[in-house]
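Structural overview for review
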Amino acid sequence: MVDIIFILTPILLGYIFGSIAEKNHYKSIQEREKKFMRLPTISLKTPLNPDNITRSRLVVGNVVISVDYFKRVLAGLKNIFGGNVTSYETLVDRARREAILRLKEDAKGASEIINLKLETSSINKSAQGTIGSIEIFAYGTAIYRK
Amino acid sequence: MIITNIESIPNRKIVDHFGVVSGSTVRAKHVGRDLMAGLKNVFGGELKGYTELLSESREEAMDRMTAQAKSLGANAIVNVRFSTSSVAAGAAELYVYGTAVKIV
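A brief structural summary. (Residues numbered from 1 in each chain as written. Chains lettered and ligands numbered in written order. Predicted model: local features only at pLDDT ≥ 70, side-chain atom pairs only at ≥ 80, totals over all residues.)

**What to know about helix 1 (residues 2–35) of chain A**
Defined as follows: Secondary structure counts use DSSP, requiring at least four H or I residues in a row for a helix and at least two E residues in a row for a strand, with both numbered from the N terminus. By definition here, a helix of n residues has an expected span of 1.5 Å times n minus one. The quantity called bend is, for any residue, the angle between two axes fitted respectively to the seven residues ending at it and the seven beginning at it.
Compared with the 50 Å implied by 1.5 Å per residue over 34 residues, the 49 Å span of helix 1 of chain A between its first and last C-alpha is a close match. Along its length, helix 1 of chain A shows its largest kink, about 25 degrees, at Leu8 of chain A, and proline Pro10 of chain A lies within four residues downstream of that point.

Right under this line is the structure:
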């Protein structure tokens with residue numbers, strides 16, 4: 001009986017807090033994405049109009065995000081049946097969007113960000129080889145115009 | 001020192017190349033942060049300690065790259081790339097490299 005409680009408690013806690021955290025995070029991401037709508041971030045290497053550029057500099061943004069226990073268990077089950085692991089998809093999606101938002105916050109006053117690169121690395125690998133937490137690092141060149 | 005990750009610096013002319021410059025750091029996290037990360041693994045969410053740690057380490061690596069470029073007499077670095085690799089459990093290497101150039 002005690003064993004079952006020990007197994008179920010982290011799953012339940014993970015489910016409750018994880019889903020609240022994810023909901024809040026998505027809400028804040030959407031709000032901030034609206035705010036930065038006027039700052040285009042593109043993966044082209046050359047600025048579209050090179051005439052009135054005053055300066056350019058490297059801007060970066062990074063985030064380390066962890067999956068909750070409930071989702072980890074869910075993903076473990078998915079490993080048996082195969083198919084899309086939706087719980088990890090949302091994790092990576094959230095992390096990427098957050099990293100790009102931080103990049104944009106770093107580029108205050110810029111007219112655009114070019115050559116956006118995204119790098120993913122999983123840190124803190126657990127023993128079973130599943131991802132514990134991932135880091136997304138975004139970098140690009142901010143272009144300032146007159 | 002102007003740093004970009006494109007091949008040129010807009011509206012400036014590259015007059016001299018100094019070759020590749022690079023900087024790297026290997027960082028490990030301390031126990032307190034590890035403990036918090038363990039808790040976060042249950043609840044999910046952002047690991048702020050790690051985010052800070054990694055961005056600080058990247059800055060350190062970039063500082064080393066910039067110092068190297070300065071000692072060569074460059075005033076800009078173009079085509080900067082980052083790479084991350086975990087060398088051991090709990091330690092990560094952050095590597096940054098680019099081409100040192102002189103611009104006018």
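**Overview of the packing of helix 1 of chain A against helix 3 (residues 86–106) of chain A**
Residues and elements named next belong to chain A. For the record, the criterion: Lines fitted to C-alpha atoms define the axes here, with helix axes fitted over just the stretch in contact, and angles between the N-to-C directions of these axes take values from 0 to 180 degrees. In this scheme the crossing of two helices becomes right-handed for a clockwise turn of the near helix relative to the far one and left-handed for an anticlockwise turn of less than a right angle. Our contact criterion uses C-beta atoms placed from the backbone: two residues qualify when those atoms are within 7 Å. Amino acids outside the nonpolar list (Ala, Val, Leu, Ile, Met, Phe, Trp, Tyr, Cys, Pro) and the charged list (Asp, Glu, Lys, Arg) are all regarded as polar, and Gly is one of them.
Put simply, helix 1 and helix 3 touch, their axes get as near as 10 Å, and they point 35 degrees apart. As for the relative orientation of helix 1 and helix 3, their crossing is left-handed in sense. Residues Glu22, His25, Tyr26, Ile29, Arg32 and Glu33 of helix 1 form the contact with helix 3, whose own contacting residues are Thr90, Arg94, Arg97, Glu98 and Leu101. Tallied by class, residues from the contact of helix 1 with helix 3 come to 3 nonpolar, 2 polar and 6 charged.

**What about the sheet that holds strand 2 (residues 112–123) of chain A?**
We apply this condition: Strands are labelled as partners when DSSP assigns at least two bridges between them.
Sheet architecture is open: 4 strands sit in the order 2(A)-3(A)-1(A)-3(B), paired in antiparallel fashion. Unpaired on one side and paired on the other, strand 2 of chain A together with strand 3 (45–46) of chain B mark the two borders of the sheet. Strand direction decides the pairing type here: strand 2 of chain A and strand 3 (residues 133–145) of chain A, joined by 10 bridges, are antiparallel. Across the sheet, Ser122 of chain A pairs through a bridge with Ile134 of chain A, a residue of strand 3 of chain A. Along the sheet, helix 2 (residues 48–72) of chain B makes contact with strand 1 (53–66), strand 2 and strand 3 of chain A together with strand 3 of chain B, crossing strand 1 of chain A at roughly 145 degrees.

Nothing here speaks to function; it is geometry throughout.
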